[in-house]
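Inside the fold
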Amino acid sequence: MVWLFRLVFYRFRTVNLRLEIKSVLSLVTGKCHFPFLLYRLKLDFDRFQSGDADSDDEKDKDKAGGEDRSMRDTVDNLLREAKKKRSEGGPAPLDFKKMYLSTYNTFMLLGFAGVLVSLFRSYQAEGLAESIPKAYERVGQNVRFLQFAQTLEIVHAAVGLVHSRPASAVWQAVGRLTLVHLIHFQPELHNSPLVFWLYVTWASVEMIRYPYYLGQVHGLVPKPLKVLRYTSWMVLYPVGMSLEVLIILRALETYPESHPATLLEVAGHKLTISHIIGAYLLLCPFAFLFLLRHMFDQTKSQLFGKKKITRSKKVK
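Each chain carries its own residue numbering, running from 1 in the written order of its sequence. Confidence filtering applies because this is a predicted model: local features only for residues at pLDDT of at least 70, side-chain atom pairs given and counted only at 80 or more, and all residues used for totals across whole chains, interfaces and linings. Hydrogens and water are ignored here; the side-chain numbers use all heavy atoms of the structure.

The next point concerns the nonpolar core. General note: in soluble globular proteins, nonpolar side chains tend to be found buried as a group. Nonpolar core, defined: a set of buried Ala, Val, Leu, Ile, Met, Phe, Trp, Tyr and Cys residues in which side-chain atoms within 4.5 Å join the residues together. Any residue under 20% of the maximum accessible area for its type is buried, any over 50% is exposed, and the rest in between are partly exposed; the area is computed with a 1.4 Å probe on protein chains only. Of all hydrophobic cores here, the largest spans 48 residues; its most connected members are Leu-119 and Tyr-199. We count a stretch as a helix when DSSP gives it H or I for four or more residues in a row; a strand needs E for two or more, and each element gets its number in order from the N terminus. Of all the secondary structure elements, the ones that give two or more residues to this core are helix H4 (96-126), helix H6 (135-149), helix H8 (166-184), helix H9 (193-218), helix H11 (233-258) and helix H12 (273-304). Sorting elements by how many residues they give to this core places H9 first, with 12 residues. We call two residues contacting when some pair of their heavy atoms lies within 4.5 Å. In contact with Leu-119, other than residues within four places in its own chain, are Ala-135, Val-139, Phe-196, Tyr-199 and Val-200.

Put into structure tokens, the structure is as follows:
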């Protein structure tokens, strides 16, 4: 009975070792998708004991079992290393969020860069006095299209694609769309120097903002770009807001004559486009304060952060 048990034990241990070697080879070569299946479906005969075996037989069996366990540990290590190498060498999954945000930010960056380049080339060719009245003719439609595209940032913030407040994106997008349409539907504003400098200010802001967003998407934001992002707004935002208010005031002077049509009449009171522009002008200070406060908080958190102040222990 003892010799029969030994024969069966060593036979299955040989088969077990073959299965382990075969699973390692299949994992390394990649020809089997379930290499661990053969390895896991094995019988551990070290746990079986025969009641008829004497003490010498048990010692031999324990010695053989120890060798078998050391062999399995070696095979386990080989399997883990092979699986790790195979996972590291495989292609990384596509990150559609990163691809989309990279494409969007690159497109907007190139768009506003084109606006600045066009205005600069016009200035070089014709001089400042001649290029200012032609600003809307050269880049007005491009700026209008880019501002429509910028409304996607509201969706980005709303669905969680970016870590930003939807309210700030709404204020900025709505405010700029209002300005570009005030200019678009009032030909008298097309030649105004205010429009030229407004386009320059907007493009300058975006030439800093979109490279910073691109760096955030890829996790590579240079320190100078970060500092520029959170300090340039202190100059560019107030300048842009002042230009917007001046353009709205200019529109209030010209719209009653060019657009006298009544939009709605309630109880003998006529509602015209000029009334809507005036109501928007009253909301501007609140929107400006909200955006400035938002940028101030961002600057404080990004550049300075929250430093914990710990009290030192008193030395007695």
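Back to the write-up after that little detour.
With that settled, consider the confidence of the model for the chain. Within a predicted model, pLDDT stands for the predictor's per-residue confidence, ranging from 0 to 100. Of all residues in the chain, 67% attain a pLDDT of 70 or more, and the chain-wide mean is 78. Scored below 50 in pLDDT, residues 27-54 makes 46 contacts in the model with residues more than four places away or belonging to other chains. Counting contacts from residues 308-316, a segment whose pLDDT is below 50, to residues more than four positions away or on other chains yields zero contacts.

Moving on, we get to the packing of aromatic side chains. Aromatic rings from Phe, Tyr and Trp, with only the six-membered ring used for Trp, were paired whenever their centres fell within 6.5 Å, and each pair was classed as stacked if the ring planes differed by under 30 degrees, edge-to-face if by over 60, and tilted otherwise. Summed over all chains, the structure comprises nine aromatic pairs. Each ring, one from Phe-120 and one from Tyr-123, has its centre 6.4 Å from the other, and the planes form 40 degrees; the classification is tilted. Residue Phe-120 and its partner Tyr-123 are located together in helix H4, separated by three residues, close to a single helical turn. Given the relative accessible area of 40%, Tyr-123 is considered partly exposed. Ring centres of Tyr-212 and Tyr-213 lie 6.3 Å apart, and the angle between their planes is 50 degrees; on these two criteria the pair is classed as tilted. Overall, the relative accessible area of 2% leaves Tyr-212 in the buried class. Taking relative accessible area as the criterion, Tyr-213 reaches 24% and is therefore assigned partly exposed. Through pairs of rings, three or more aromatic residues link up here, namely Tyr-104, Phe-112, Tyr-210, Tyr-212, Tyr-213 and Tyr-230. A ring is scored as having a charge over it whenever the NZ atom of a lysine or the CZ atom of an arginine sits within 6 Å of its centre and within 35 degrees of its normal. Its guanidinium or amino end placed over the ring of Tyr-210, Arg-209 lies 4.8 Å from that ring's centre, counting from NZ or CZ. Just above the ring of Tyr-230 sits the side chain of Arg-229; from NZ or CZ to the centre is 5.5 Å.

Its location among the elements puts Leu-194 in helix H9. Between the C-alpha atoms of Leu-194 and Glu-244, which are 50 residues apart in sequence, the distance is 8.4 Å.

Moving on, we get to the environment of Phe-107. Topologically, Phe-107 is positioned in helix H4. Take Phe-107: its relative accessible area is 42%, and that puts it in the partly exposed class. Sequence separation between Phe-107 and Ala-149 is 42 residues, and the spatial gap between their C-alpha atoms is 9.8 Å. Apart from residues lying up to four places away in sequence, Phe-107 is in contact with Phe-145 and Leu-146.

So, on to the pattern of salt bridges. For this document, the term salt bridge refers to a Lys or Arg side-chain nitrogen within 4 Å of an Asp or Glu carboxyl oxygen. Counting across every chain of the model gives seven salt bridges. A salt bridge links Glu-126 to Arg-138; the nearest nitrogen and oxygen atoms lie 3.0 Å apart. A residue pair is termed long-range when its members are at least 10 positions apart, and Glu-126 in helix H4 and Arg-138 in helix H6 qualify at 12 residues. A residue is classified by how much of its surface remains accessible, and Glu-126, at 29% relative accessible area, is partly exposed. Among the residues examined, Arg-138 registers a relative accessible area of 36% and is labelled partly exposed. Each of Glu-153, Arg-176, Glu-206 and Arg-209 takes part in a single network of salt bridges with overlapping partners.

Taken together, the side chains of Tyr-100, Leu-152, Val-155 and Val-159 define a hydrophobic patch exposed on the protein surface, amounting to about 340 Å² of accessible area. No other element matches the three residues that helix H7 (residues 152-159) contributes to the nonpolar patch. Tracing the backbone shows Val-155 in helix H7. Note on patches: the residues involved have over 30% relative accessible area and no salt bridge, like charges join within 9 Å, and the nonpolar side chains Val, Leu, Ile, Met, Phe, Trp and Tyr join within 5 Å. For the area figures, the Shrake-Rupley method with a 1.4 Å probe applies, and any residue is considered shielded solely by the protein chains shown.

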